[in-house]
Each structure stands twice: as C-alpha cells, then as structure tokens.
Amino acid sequence: MFGMKKIVSFFLSFLLVASAMAIPASAGNVNYTTETTKEGWIKVINEGGAILGYSPGSGLKLIEADGFAFKDSNRNGVLDPNENDGNVSWPEDNQDGRLDPGLLEYVTVYSREPNKRADGTARVNVKGATAQEFQTLLQEKLGEDRAAEIQRNLGSDLSSVNSVLEVYIKSQMTEDEFADIADAISVSDEENLPGLININTAPEAVLACVPGIGTANAAAVAAYRQSKSGSLTSVAWLAQALDEANAIQAGPYVTTRSYQYTADLAAVGHDGKGYRRVRFVLDASGEEPMIRYRQDLTAAGWALGPEIQKRLAAMKGTIR
Ligand SMILES: [Ca+2]
Ligand SMILES: [Ca+2]
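Predicted, not measured: the structure shown is a model, and the values here were computed from it.

**Points about the sheet that holds strand β12 (residues 260-267)**
Then comes step 1: Strands sit in the order β12-β13-β14 across an open sheet of 3 strands; the sheet is antiparallel. The strands lining the two open edges of the sheet, one partner per strand, are β12 and β14 (290-296). Strand-to-strand, the axes of this sheet are offset by a mean angle of 20 degrees, without reference to chain direction.
Then comes step 2: Bridge count between β12 and strand β13 (residues 276-283): 8 bridges; the pairing is antiparallel. In the sheet register, D264 faces β13, and the bridge partner there is R279.

If you want it as structure tokens, here you go:
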C-alpha cells in the first residue's frame, strides 16, 4: 500500500476545515485560535503574533510550530526562505527554522493491493477449500520432503491463521523459502486488500501506527530494516525484528508492495517563465494504471527553491 510518498490531497480542504474547528479544543501548547469569518475564509489568530487568513478551498494547510500556526505556503513540504523570514515577506511566520509537515504526509485514502500474484494469476487461499493446492504449491517450490515438514509444523487446521506472516512464523520456513511462496498465498478470497502498510518503505511514524509494532517497537523495526536493506524480500523480516506475539498481531496490516504513488510535477520554460505544477495520485492496482486524483498547484507559487531560480536567471538568454 503505502508507497512513499502518498498524500491525501483529496481530503486536504476537508481536513483543513475539520482541524481548524478542532484546534481551540485540542490539548497541548496551542497558542492560536481559528474562526470562520462571515465571508467564508478562515482566520487564524496567533496569540501576540500574526493574524493569518486563508480560504477553505485554497488547499493551504496549517502547520504548527511551538504552538503557533503558519503556512507551508507553496505546499512543497520544505521550509522556503519566505516561510522563515518573519513578516519580511508573505506568509507571516514565526522564524523558528522548523517545518512540521503535519499528518497529511503520512496518510492516504487510496491504498489497496490486488490479491493476486505479481503475474496476475490467482493466489492460493491457505485457509480456504484449496488447502490441497497449498500442498501442491509447497511441493513444487520446496520439494516433497520439505513440504511435508512444513505442513506438519502448520498442522491441518489453518482456520485461525490471520495473515501470511503468521503462516511464515508457524511453518518455520526459512526466509528464503518463504520468499519463494509468499506472493502465491493469501488468507483471504477478497479481490483487493485495502489499507496495508508497506513495511519496506513506510516511515517510522507510520510503522508506529501498526498494531504489534507501535511506538514501543517502531524505532527498532526501522533500524532492523536499515541493517537489512537490499534483502527485504518478503514480510518475513518483520518476524525477526519483533517478538512472535507482536509479529502475529502486525501480520494482517503489512505488505511489501505499493501500488499508489503521488507524483508532484513542476515544469518551467527555458527562460524561467511559464511555471506550472500539478500533483497526481497514480494507482497501479487495477488492470490499467490510472490517475486517481489531479490537483493544480501552480497557484501555490514557486516550489523548487531559490537555487534553481538563480540558475534559471543566470541561464536566461543562453538557451535557444
Ligand atoms: Ca514551503
Ligand atoms: Ca514570511
């Protein structure tokens, strides 16, 4: 699922309004309040600081730093000079040199994985009526003797198994053996598996949201992943990074695949003019890849930083 980096652009305006309404009630050192004006725009009042305003439909997101709100005005996730110079240039900001990306960087509504092998053929549901197929699969991939051992380890009743990671743990397969069959098995007949977290790519903050990983284990899981980078061939590695009970708990939520991506495309003409920017959410989970969402961000302003702007200015007139 969660191919980085995926952003729920679609929900942005909605969340803005929702979070703006929730702000006065939230705990912590929040030092600003928001209100919706008669004209329909949202007014942000920082205690003893700047008053900001934006339209709910603008797509702008509020970013909090030390309890004060300011804007990632060009929506590029980077602290640009004008976003850290106080009131010298728009927007007003608190000059603390920090840009908290907020939650939206970490969430998506587009996540789903087709419940098929990479080549498009059906998976074997190890819990279902096709148990015989599972045996055949094991024999084909791992040989008859090893298949018999693995089936003995698993026992005949797999009805309580809730994930392929749990199959791996209970089967006592090696990671290499499991990597050979992981793509071919499932514990579900559903056509699509929604909301899975790609443990090979998810940031630590997202790993911390997975049951069984949590804030207690997220750092250790991320460190283990780092140490094994290049050999993360299936979800089996998670069972090495966690104790067995936690790995079984995490199993139903994890994958090593991503099918949805955000592409943030900026284009500029030879002379530094004609700047355009569009953000897409692309979905490759169906038979044909498709664009799930398109958002024109040109109006949010220059997002490529001051260096590229300078280089383009220096090149002016030299390119034909
Ligand atoms: Ca920015
Ligand atoms: Ca500023």
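**Examining the pairing of β13**
Then comes step 1: Two elements, β13 and β14, share 6 bridges in a ladder whose sense is antiparallel. Looking at β14, one finds that F280 is bridged to R294.

**Remarks on the pairing of β14**
Then comes step 1: In terms of burial, β14 is a largely surface element, 0 of the 7 residues being buried.
Then comes step 2: Where β13 hands over to β14, the hairpin turn is made up of 6 residues, counted between the paired strands.

**Points about the nonpolar core**
Then comes step 1: In terms of nonpolar packing, the biggest core is built from 37 residues, with L165, Y168, I185, L238 and V254 touching the most fellow members.
Then comes step 2: Residue assignment for this core shows that the elements contributing at least two residues are α2 (131-142), α4 (164-171), α5 (175-181), α6 (204-207), α8 (237-241) and α9 (244-250).
Then comes step 3: With 5 residues, α4 is the largest single contributor of residues to this core.
Then comes step 4: Ignoring anything within four residues of it in the chain, the contact list for L165 reads V235, L238, A239, A247, G251 and V254.

**Re α4**
Then comes step 1: Counting buried positions along α4 gives 7 out of 8 residues, so the element sits mostly inside the fold.
Then comes step 2: Of the positions making up α4, those classed as buried are V164, L165, E166, V167, Y168, I169 and S171.
Then comes step 3: Against the buried residues of α4 lie α3 (144-154), α5, β8 (185-186), α8, α9 and β11 (254-255).
Then comes step 4: Phi turns positive, to about 60 degrees, at Q172, one or two residues after α4.

**Here's the deal with unusual backbone geometry**
Then comes step 1: Residue P91 follows W90 across a cis peptide bond; omega there is -5 degrees.
Then comes step 2: Along the chain, the position of P91 falls in the loop between β5 (68-71) and β6 (112-114).
Then comes step 3: Phi is positive for R75, close to 55 degrees, though the residue is something other than glycine.
Then comes step 4: You can see R75 is positioned in the loop between β5 and β6.
Then comes step 5: The phi torsion at Q95 lies on the positive side, around 60 degrees, for a residue other than glycine.
Then comes step 6: By secondary structure assignment, the location of Q95 is in the loop between β5 and β6.
Then comes step 7: Judged by local crowding, Q95 falls into the partly exposed class, with 14 C-beta atoms found within 10 Å.

Conventions we followed
Residues numbered from 1 in each chain as written. Chains lettered and ligands numbered in written order. Predicted model: local features only at pLDDT ≥ 70, side-chain atom pairs only at ≥ 80, totals over all residues. Pairing = 2+ DSSP bridges. Helix = DSSP H or I, 4+ residues; strand = E, 2+ residues; numbered from the N terminus. Axes fitted to C-alpha atoms, helices over the stretch in contact; angles between N-to-C directions. Buried ≥ 20, exposed ≤ 12 C-beta atoms within 10 Å, placed from the backbone. Core = buried A, V, L, I, M, F, W, Y, C linked by C-beta atoms within 7 Å. Contact = placed C-beta atoms within 7 Å.

All quantities given are derived from atomic positions and should not be read as evidence of function.
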